[in-house]
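Architecture at a glance
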Amino acid sequence: MDTKIVPGVVKEQSLATLNPADSVMDAVNLMTERKIGAVIIVDNQAKLAGIFTERDLVNRVVGKGLDAANVPLSKVMTADPDTLGPNDTAMNALDLMSARRYRHLPVVDGDKVIGMVSIRDLFNVVKAQLEEDVREREKFIFGSDYGVA
């Protein structure tokens, strides 16, 4: 599967970003509002500083009895996270996510954050590729346009 991260997985995204000084509650509110599982944390120069995920919330905040309204993201985010580049492939992303047990990875181009890839995004790419593979095999085995109504 040689689908590139950009534009194959990340197309046009409205990034959910916060500053390290923002509170965990700010992140929770943004994640709830946008129905997402992670936010990108950027510094004052808009460079990637970290990522804050549902797992960070559970393990580093709730699990430790911290007050989400009074804890800055800088204390509980995953700082300097692994990233993907626009020319990485969906398979590179899956391999990294599987090896490190991630569900979200920021995508950067140089110093600029350009997107976020989730395991759900990659599932959709793999599903589409598998469907295309089945169609191609059916054409080969049964002749052109087999199963087309």
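Cut-offs and rules
- Residues numbered from 1 in each chain as written.
- Predicted model: local features only at pLDDT ≥ 70, side-chain atom pairs only at ≥ 80, totals over all residues.
- Heavy atoms only, no water.
- Helix = DSSP H or I, 4+ residues; strand = E, 2+ residues; numbered from the N terminus.
- Rg over C-alpha atoms; globule rule 2.2 N^0.38 Å.
- Buried < 20%, exposed > 50% of the residue type's maximum accessible area, 1.4 Å probe, protein only.
- Contact = heavy atoms within 4.5 Å.
- Areas by Shrake-Rupley, 256 points an atom, 1.4 Å probe, with all protein chains shown as cover.
- Lys, Arg positive; Asp, Glu negative; His and termini not counted.
- Charge placed at Lys NZ, Arg CZ, Asp CG, Glu CD.
- Arc of directions from axis to C-beta.
- UniProt positions renumbered as here; feature names shortened; annotations may be inferred.
- Core = buried A, V, L, I, M, F, W, Y, C linked by side-chain atoms within 4.5 Å.
- Patch = residues over 30% accessible without salt bridge, like charges linked within 9 Å, V, L, I, M, F, W, Y side chains within 5 Å.
- Salt bridge = Lys/Arg side-chain N within 4 Å of Asp/Glu carboxyl O.

Looking only at helices and strands, the chain has six helices and six strands in total. Secondary structure elements in the chain, listed N-terminal to C-terminal, are α-β-α-β-β-α-α-β-α-β-β-α. Relative to the 2.2 N^0.38 estimate, which gives 15 Å for 149 residues, the radius of gyration of the chain is 19 Å and therefore markedly larger than a compact globule would have. C-alpha atoms of the chain, sized along the principal axes, occupy 65 × 30 × 30 Å. Counting over 149 residues, the chain shows a buried share of 36%. In the chain, once contacts between residues fewer than 6 apart in sequence are set aside, the share between residues at least 24 apart is 55%. Entry remark: accessible area of the chain is about 9200 Å², with carbon and sulfur atoms responsible for 50%. Where the 18 positive side-chain charges of the chain centre and where its 22 negative ones centre are 4 Å apart.

Another aspect to go through is helix 5 (residues 90–100). Here helix 5 has its buried residues at A90, A93, L96 and M97. All buried residues of helix 5 fall inside an arc of 130 degrees around its axis, so they share one side. Away from its buried face by more than 90 degrees, helix 5 exposes S98 and A99. As for helix 5, its buried residues are in contact with helix 1 (5–9), strand 5 (104–109), strand 6 (112–118) and helix 6 (119–142). Positive backbone phi, at 60 degrees, marks R101, one or two positions downstream of helix 5.

Turning our eyes to something else, we now look at the UniProt feature "domain: CBS" (unreviewed entry) in the chain. Look at the UniProt record and you will see "domain: CBS" (unreviewed entry) annotated at residues 9–68 and 77–132. For residues 9–68, the end-to-end C-alpha separation is 32 Å, with 33% helix and 22% strand making up the annotated structure. The span residues 77–132 carries 45% helix and 27% strand; its end-to-end C-alpha distance comes to 39 Å.

If you trace the backbone, T53 turns up in strand 3 (residues 48–53). For T53, a relative accessible area of 14% gives the class buried. In this structure T53 touches M31, G37, A38 and H104, once residues within four positions along its chain are discounted.

Take the nonpolar core next. Counting 17 residues, the largest nonpolar core has L18, V24, A27, V39, I41, F52 and L73 as its most contacted members. Elements that contribute at least two residues to this core include exactly helix 2 (24–34), strand 2 (38–42), strand 3 and helix 4 (73–76). If sequence neighbours within four positions are ignored, A27 has contacts with L18, V39, F52 and L73. Counting 13 residues, the second-largest nonpolar core is a separate cluster that includes V9, A93, M97 and V117.

The next thing to look at is the side chain of H104. One can find H104 in strand 5. Looking at H104, the relative accessible area reads 16%, which means it is buried. Residues contacting H104, with those up to four places away along its chain left out, are G37, A38, I51, T53, M97, M116, V117 and S118.

Side chains of F140, I141 and F142 sit close together on the surface and give an oily, nonpolar patch of about 410 Å² of accessible area. Its location among the elements puts F140 in helix 6. On the accessibility criterion, F140 (75% relative accessible area) is exposed.

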